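Residues per chain are reported as follows:
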Amino acid sequence: MTHVGTELASQPECWRRAAGLVEDVRHELPEPGERTAVIGCGTSYFMARAYARLREGAGHGETDAFAASEFPVGRQYDRIVALTRSGTTTEVLRLLADIRETTRTTAITADPDTPVSSAADGLIVLDFADERSVVQTRFATTALTLLRAHLGLHSDAVVTDAETALADPLPAGVTECGQFTFLGRGWSVGLAEEAALKMREASLSWTEAYPAMEYRHGPISITTGGRATWALGPAPEGLAEEVRATGGLWVEGELDPLAELVRIQRLALALADKRGLDPDRPRHLSRSVILAP
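Now for a look at the structure at hand. (Residues numbered from 1 in each chain as written. Predicted model: local features only at pLDDT ≥ 70, side-chain atom pairs only at ≥ 80, totals over all residues. Heavy atoms only, no water.)

1. Here's the deal with the pairing of strand β3 (residues 79-84)
Piece 1. A large share of β3 lies buried, amounting to 6 of its 6 residues.
Piece 2. Residue alternation in β3 divides its side chains into two sets, Arg 79, Val 81 and Leu 83 and Ile 80, Ala 82 and Thr 84, and both sets are buried.
Piece 3. Relative to β3, strand β1 (residues 36-40) is paired through 4 bridges, and the arrangement is parallel. Bridge assignment links Thr 36 to a residue of β3, and that residue is Arg 79.
Piece 4. Where β3 meets strand β4 (residues 104-109), 6 bridges bridge the pair, whose relative direction is parallel. Directly across from Ile 80, in β4, lies its bridge partner Thr 105.
Piece 5. You can see the chain leave β3, run along helix α5 (residues 90-99) and come back into β4, and the turn it takes is right-handed. (Buried < 20%, exposed > 50% of the residue type's maximum accessible area, 1.4 Å probe, protein only. Helix = DSSP H or I, 4+ residues; strand = E, 2+ residues; numbered from the N terminus. Pairing = 2+ DSSP bridges. Right-handed = clockwise from strand over helix to strand, strands pointing away.)

Written out as structure tokens, the structure is:
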């Protein structure tokens, strides 16, 4: 089995451990009412987007998400949370250095023995969710699980759904498709974007991602036979019928959206295997983007 395959399969247990850490790390996470920004790069940015919608929607305070390279320096926040698996990503470290004198910062990472440990004011280490693979799976979802649990939005049912996502067959016909569109609503828009990224990284697939209601405003025009549209969570009324009318394959999001992402991770690996690709060595990618000075 590939590294990413092994790591993908360990997610239910990682989520259980993360949920159990909340009381120990609560002092490092945003308090209700704090104006918060969450930053990351790539997969971590998409998890940041999901968390920002969850936190603000739960009434804990204004919450924004930014790619680390696009943070609006000068905008005032009470706290900034940085998601960084490697702890070495240049854009994250530069931003933390730029804002450290003015804003309280917390980093969530898999490796404490990296520069982020001294770049942030507070550190949360999820070393049990670290990965050998370039393609992120369990660290990202475990970090988001920790953040969901801190908001009181995680339950054992989410872990059960993840176990179902690992055990059940993939949707009929989906591995025969040549194009994939992922749809989300609210916090699951970030997950849809991550699903599309995972498919590109691991299997070089043609993928897109949209807010579900926006899909009708143009993107549905590419849908036809041999192409799939997959919802992460409940879809708008009538959308499934519209997709089926194009001849495209509709995949209903029946599990918790984070567990639905696990199903899509499995699809990415299945397609990589089918196409003779090594998902542990994705084309043009490295485990961390470290820019030259």
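What follows picks up the thread again.
2. What about the layout of surface pockets?
Piece 1. Counted as a void, the second largest pocket has a volume near 160 Å³.
Piece 2. Every residue lining the second largest pocket is listed: Met 1, Thr 2, Gly 5, Leu 8, Ala 9, Leu 166, Leu 170, Arg 266, Leu 269 and Ala 270.
Piece 3. Breaking the lining of the second largest pocket down by element, the ones donating at least two residues are α1 (3-9) and α11 (257-274). (1 Å grid on protein atoms, 1.4 Å probe; cavity = no way out; pocket = protein on both sides within 12 Å on 5 of 7 lines; lining within 4 Å. Points joined across faces, edges and corners; volume = space filled by probe spheres on them.)

3. Structural notes on a negative patch on the surface
Piece 1. Taken together, the side chains of Glu 237, Glu 241, Glu 252 and Glu 254 make up a negatively charged region of the molecular surface.
Piece 2. Mapped onto the fold, Glu 254 is located in the loop between β9 (249-251) and α11.
Piece 3. On the accessibility criterion, Glu 254 (66% relative accessible area) is exposed. (Patch = residues over 30% accessible without salt bridge, like charges linked within 9 Å, V, L, I, M, F, W, Y side chains within 5 Å. Areas by Shrake-Rupley, 256 points an atom, 1.4 Å probe, with all protein chains shown as cover. Salt bridge = Lys/Arg side-chain N within 4 Å of Asp/Glu carboxyl O. Lys, Arg positive; Asp, Glu negative; His and termini not counted. Charge placed at Lys NZ, Arg CZ, Asp CG, Glu CD.)

4. With respect to the packing of helix α4 (residues 43-57) against helix α7 (residues 138-150)
Piece 1. One can describe the packing of α4 onto α7 by two numbers: an axis separation of 10 Å at closest approach and a directional angle of 20°. As far as their axial angle goes, α7 and α4 are roughly parallel. Like other packed secondary-structure pairs, α4 and α7 cross with a definite hand, here right-handed. Contact residues: α4 offers Thr 43, Met 47, Ala 50, Tyr 51 and Leu 54, while α7 offers Ala 140, Leu 144, Leu 147 and Arg 148.
Piece 2. Among the residues making up the contact of α4 with α7, the classes are represented as 7 nonpolar, 1 polar and 1 charged. (Axes fitted to C-alpha atoms, helices over the stretch in contact; angles between N-to-C directions. Parallel < 35°, antiparallel > 145°, perpendicular 65-115°, else oblique. Left-handed = near helix turned anticlockwise from the far one by under 90°. Contact = heavy atoms within 4.5 Å. Nonpolar A, V, L, I, M, F, W, Y, C, P; charged D, E, K, R; others polar.)

5. Describing the sheet that holds β1
Piece 1. Strand order in this open sheet of 5 strands is β2-β1-β3-β4-β5, and the pairing throughout is parallel. Edge positions in the sheet fall to β2 (63-67) and β5 (122-125), since each of these pairs with one other strand and no more. Taken over all neighbouring pairs, the strand axes of this sheet differ in orientation by 20° on average, direction set aside.
Piece 2. On top of the sheet, α7 reaches β3, β4 and β5; it is set at about 135° to β4, its chief contact.

6. Focus on the nonpolar core
Piece 1. Core analysis: the largest hydrophobic core is formed by 61 residues, its most contacted members being Ile 108, Leu 126, Leu 144, Phe 180, Phe 182 and Leu 191.
Piece 2. At 9 residues, the largest contribution of residues to this core is made by α11.
Piece 3. Ala 82, Leu 95, Leu 96 and Ile 99 belong to the second largest nonpolar core, which has 17 residues in total. (Core = buried A, V, L, I, M, F, W, Y, C linked by side-chain atoms within 4.5 Å.)

7. Observations concerning the sheet that holds strand β8 (residues 227-231)
Piece 1. Strand order in this open sheet of 4 strands is β7-β6-β8-β9, and the pairing throughout is parallel. Across the chains shown, the open sheet's two edge strands, defined by having one partner strand only, are β7 (206-211) and β9. The mean angle between the axes of side-by-side strands here comes to 20°, regardless of whether they run parallel or antiparallel.
Piece 2. In terms of strand pairing, β8 meets β9 through 3 bridges, oriented parallel. When the bridges of β9 are listed, Ala 228 appears paired with Leu 249.
Piece 3. Helix α10 (residues 239-246) contacts β6 (179-184), β8 and β9 of the sheet and is inclined by roughly 155° relative to β9.

Honestly, that's just the spatial picture; any functional story needs more than this.
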